[in-house]
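A structural walkthrough
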Amino acid sequence: MGKTVSSHKKALYAFSFFIFVTLLVHIILLLLDRGSQLDLYFLRLDDFMADFLNPVRFSVRRNPYFDEKLDPMHHNQAALFYMFCWAVGRMAEVKDDVDVGWLGTMWENRLLLLLSFFYLMASVLVLIHSLLCLSLKFKASRMIIFPLMVSTVVLYAIERANHIIIAVACITYFIAFYDSPDWKKRLFACLCLALAAVFKIYPALFGFLYFEKRQYREIVVAAVMAMVLFFLPFFFFRHGIHNFPRLLQNWSRFAATAPKGSFITIMKLMGVAALFLSLFQKRLFDRLVCIVFSVLILSTNAGGYTTLYFFPLVVLLFNSTQNTSGGQDLAISVFHRVFFSVYFALLLMPLQVAKLFLQNGSNSNLFLYGKTRAYVFIIVFCAVLATTVMERWKSWRK
């Protein structure tokens, strides 16, 4: 046991040291040569906080899905989120006749920028608290939260002001409490899963965790909550329930811009296969690996900030009681920690390296976009599959 704890601490220190060193290099290069490091952020900061400010201007007239002055393809958020954005716009005194066709009008509103800052600060604090709850459950070191908060995906999500931070916090709470003996915590987990699914849809796949202990009651409760939170806010806006088919049209238009081809089809099939493979995993870590990669691959139009869904995995990876809820021999534990520590370190390092490998660069690091992410996914998928086969083989021999 002493060796296991020692390897856990060494891996944690190495991971944290690497993240902080790459952050320091990023800051130094940002000061010396902004041309390369600004590409870590979307459109080199020319679209600052647009994922929050855009919904504010879209919802100011309480007609976010039918407003013909704007491209309807991008009006694809949940009505619940548009309700919140409308309230922020009202507090910031954004007028109905504002030039909603130009994001710059939002930047000129100083009160709106201040409220946006408070929104981001609250989002990050909620994410930190959710990671603390998860680390307490699995006796993981809370030190891991510090490198996660300065990783490339957090910097990117903050620059975008995207509500995926809230969605990931909800999923982290869900993982921490979904199997709690306390019914109130389980009910809270249902609410968190419902909120995440309403905001981002694909996090609903984390509900597959319920199948391990046959928690069918929780599945029904979470589904009912999600339906209420998704459909009821439509009536707050003009056109009422007719906003729903319009939202479906906007989704289809947005999905049409996603990459297509045989390679993408194969990747989606692998994503579905990984989801069902999660049902046969004995360890929570392996189940989450399968589910997270399903979420990333199936949501082909998602941005680089979807890598935030890896955060619960990182916490489990560096826990002090091995990364399992059942038994695991040392060889498998070493494999997990070495393989996934290197993978997560390269994935989350706050340093722009894409232009070293891609002809046209990227607005995030090497592993977040395109076929590179798909190739890495194939490697990880095969690694999880190999682990499953090894365990089945050992249990069969016994």
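As a starting point, this report considers the structure included with it. (Residues numbered from 1 in each chain as written. Predicted model: local features only at pLDDT ≥ 70, side-chain atom pairs only at ≥ 80, totals over all residues. Heavy atoms only, no water.)

Some points on the overall build of the protein chain
If you tally the helices and strands in the protein chain, you get 17 helices and zero strands. Partitioning the contacts of the protein chain with sequence separation of at least 6, the portion at a separation of at least 24 is 75%. Carbon and sulfur atoms provide 69% of the accessible area of the protein chain, an area that totals close to 18500 Å². (Helix = DSSP H or I, 4+ residues; strand = E, 2+ residues; numbered from the N terminus. Contact = heavy atoms within 4.5 Å. Areas by Shrake-Rupley, 256 points an atom, 1.4 Å probe, with all protein chains shown as cover.)

Re the packing of aromatic side chains
Counted by the stated rule, this structure contains 34 aromatic pairs. One aromatic cluster is present, built from ring pairs that chain together Tyr65, Tyr82, Phe230, Phe231, Phe234, Phe244 and Trp251. Positioned over the ring face of Trp86 is Arg62, at 6.0 Å from the centre of the ring. (Phe/Tyr/Trp six-rings, centres within 6.5 Å; stacked < 30°, edge-to-face > 60°. Lys NZ or Arg CZ within 6 Å of the ring centre and 35° of its normal.)

Details of helix H10 (residues 183–200)
Helix length check: H10 (18 residues) gives 26 Å between terminal C-alpha atoms against 26 Å at 1.5 Å per residue, within 8%. Inspection of H10 places Arg186, Ala189, Cys190, Cys192, Leu193, Ala194, Ala196, Ala197, Val198, Phe199 and Lys200 among the buried residues, and these make up the whole buried set. Tucked inside the fold, the buried residues of H10 contact helix H4 (79–91), helix H9 (164–177) and helix H11 (216–231). A side-chain oxygen of the first residue of H10 lies 3.0 Å from the backbone nitrogen of Lys184; this N-cap is Asp182. Positive phi appears at Ile201, one or two residues downstream of H10, with a value of about 65 degrees. (Expected span 1.5 Å × (residues − 1). Buried < 20%, exposed > 50% of the residue type's maximum accessible area, 1.4 Å probe, protein only. Polar contact = N/O pair within 3.5 Å; in protein donor to acceptor, adjacent residues only side chain to side chain.)

Regarding the environment of Phe311
You can see Phe311 is positioned in helix H15 (residues 311–317). Assessed through its relative accessible area of 0%, Phe311 is described here as buried. Separated by 184 residues in the primary sequence, Phe311 and Leu127 place their C-alpha atoms 9.9 Å from one another. Ignoring any residue separated from it by four or fewer positions in sequence, one finds Phe311 in contact with Leu127, Leu131, Leu148, Met149, Ser151, Val153, Val154 and Leu348.

Examining the packing of helix H6 (residues 110–137) against H9
Look at H6 against H9: their axes get within 8 Å of each other, and the N-to-C directions meet at 20 degrees. Judged by the inter-axis angle, H6 sits roughly parallel to H9. In the packing of H6 onto H9, the handedness of the crossing is left-handed. Along the contact surface, H6 presents Ser123, Val124, Val126, Leu127, His129, Ser130, Leu131, Cys133, Leu134 and Lys137, while H9 presents Ile165, Ile166, Val168, Ala169, Thr172, Tyr173, Ile175, Ala176 and Phe177. Residues of the contact of H6 with H9, tallied by class, amount to 14 nonpolar, four polar and one charged. (Axes fitted to C-alpha atoms, helices over the stretch in contact; angles between N-to-C directions. Parallel < 35°, antiparallel > 145°, perpendicular 65-115°, else oblique. Left-handed = near helix turned anticlockwise from the far one by under 90°. Nonpolar A, V, L, I, M, F, W, Y, C, P; charged D, E, K, R; others polar.)

Let's talk about the pattern of salt bridges
Applying the stated rule across the entire model yields six salt bridges. We note a salt bridge from Arg186 to Glu218, for which the minimum N-O separation is 3.1 Å. Of this pair, Arg186 sits in helix H10 while Glu218 sits in helix H11; the two residues are 32 residues apart in sequence, bridging distant segments of the chain. The buried category is assigned to Arg186, whose relative accessible area is 19%. Given the relative accessible area of 12%, Glu218 is considered buried. The closest approach of N and O atoms between Arg287 and Glu212, which form a salt bridge, is 2.9 Å. Residue Arg287 is located in helix H14 (residues 284–298), and its partner Glu212 is located in the loop between H10 and H11; the two are separated by 75 residues in the primary sequence. (Salt bridge = Lys/Arg side-chain N within 4 Å of Asp/Glu carboxyl O.)

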